[in-house]
Amino acid sequence: MNQKNKTIAEALREGKMRLKAAGKEAYAFEAELLLEKAAGLNRTALFLRGEEVLSEEVLTVYEGYLSEREQGRPTQYILGEWEFMGLPFHVGEGVLIPRGDTEVLVETILEKQQSEPIKSILDIGTGSGCIPVSLGHYGKFEKIMAVDISPKALGYATKNAAENRVSIDFYESDLFTNIPSEWKGRLDAIVSNPPYIPKKDIAELMTEVKDFEPMNALDGGEDGLDFYRAIVEQGREWLKDGGWLFFEIGYDQGEDLRNLLKEFGYTEVEIRQDLAGLDRVAMGRKGVF
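What counts and what doesn't
Residues numbered from 1 in each chain as written. Predicted model: local features only at pLDDT ≥ 70, side-chain atom pairs only at ≥ 80, totals over all residues. Heavy atoms only, no water. Helix = DSSP H or I, 4+ residues; strand = E, 2+ residues; numbered from the N terminus. Expected span 1.5 Å × (residues − 1). Buried < 20%, exposed > 50% of the residue type's maximum accessible area, 1.4 Å probe, protein only. Arc of directions from axis to C-beta. Contact = heavy atoms within 4.5 Å. Core = buried A, V, L, I, M, F, W, Y, C linked by side-chain atoms within 4.5 Å. Axes fitted to C-alpha atoms, helices over the stretch in contact; angles between N-to-C directions. Left-handed = near helix turned anticlockwise from the far one by under 90°.

Would you mind going over helix H8 (residues 151-163) with me for this structure?
Every α-helix carries 3.6 residues per turn, so stepping three or four residues along brings you back to the same face. Taking 1.5 Å as the rise per residue, H8 with 13 residues should run 18 Å; its terminal C-alpha atoms sit 18 Å apart, in good agreement. Buried within H8 are the following residues: Ala153, Leu154, Ala157, Asn160 and Ala161. Buried residues of H8 fall within an arc of 125° about the axis and therefore sit on the same side. Facing away from the buried side of H8 by more than 90 degrees, the exposed set consists of Pro151, Ala162 and Glu163. Close packing links the buried residues of H8 with strand E2 (87-90), helix H7 (130-138), strand E4 (143-148) and strand E5 (169-172). A positive backbone phi angle near 55° is found at Arg165, which sits one or two residues after H8.

Take a look at the structure:
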């Protein structure tokens, strides 16, 4: 990219061409986002000031962002933050990028809270903290706890909770191992978006996912169900009678989760779909086993 006398419109056009050539599906949107960050402008200014000449400094930064994106680094990591449920979240290597599919899970819990006394909830494998932070922002909870095995992920989650002004108790924990024991049998709900991709399918994932996002947030074991089995079984010890278990699931895992929840005595089992009509959420109530 020639760094002299390039206007905003010219830089944007060149950025779109480069990302399109690199095979990026959302090349136009991503080129805009990266130029907004490099130039410190919002989208409106980007277009209203299209004939304005950019400084060499801004062009150099933009060039760097485009190069990173061409090499597969996710736009969200380059930007350093991403929106989820209308809230801002810091993200980077070591934490799963919040995705719109997961909003269905959060909305399901908030809807259930309208008719059920769900005041305490535990999020397992919290990552960026997008699930508990969103629940705390939009819901009415007296106690929110969240765990992750990754100290780096917990660093992001803690920062995101603070910046969105939500009170959450975070624990570095492999599933339930480090949760305060006084919560055994007392939780109103447990939620998790666990690793659910079968090991054999990981090699087929997009470069942005398999080469940059944390593998321990993706690999669900041989059939993708390892973490579901553990949480469904161990969760009974932590949920109160009648407490709820909520999961995000893969598009083809609905029946497996329905059977698994019923096997361990959960009742009112339900599979919900996302906007594309694909299975996305599994839920069930702890019954007397």
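Having seen it, we continue.
Where do I start with helix H2 (residues 27-39) in this structure?
Between its terminal C-alpha atoms H2 stretches 18 Å, which fits the 18 Å expected from 13 residues at 1.5 Å a residue. Listed as buried for H2 are Glu30, Ala31, Glu32, Leu33, Leu34, Leu35, Glu36 and Ala38. The inward-facing, buried residues of H2 contact helix H1 (8-21), helix H3 (43-48), helix H4 (56-70), helix H5 (75-79) and strand E1 (81-84).

Honestly, the nonpolar core in this entry has me stumped. Any pointers?
Buried together is how nonpolar side chains tend to be arranged in soluble globular proteins. Ranked by internal contacts, the top residues of the largest apolar core, which has 30 residues, are Ile109, Ile121, Leu135, Ile168 and Phe246. Put simply, the parts of the chain that give this core at least two residues each are E2, helix H6 (101-113), H7, E4, H8, strand E6 (187-192), strand E7 (239-248) and strand E9 (279-286). Ranked by the residues each element gives to this core, the list is headed by H6, at five residues. Those residues in contact with Ile168, other than ones at most four positions away along the chain, are Pro132, Val133, Ile144, Met145, Ala146 and Ala161. By size, the runner-up hydrophobic cluster in this structure holds 28 residues, among which are Leu122, Ile124, Met145 and Ile231.

Please explain the packing of H2 against H4 as it appears in this structure.
Packed helix pairs are characterised by how far apart their axes lie and by the angle those axes make with each other. Between H2 and H4, whose axes approach to 9 Å, the crossing angle comes to 145°. Crossing angle aside, the handedness with which H2 passes H4 is right-handed. Residue-level contacts link Glu30, Ala31, Leu34, Leu35, Lys37, Ala38 and Ala39 of H2 to Val58, Val61, Tyr62, Tyr65, Leu66 and Arg69 of H4.

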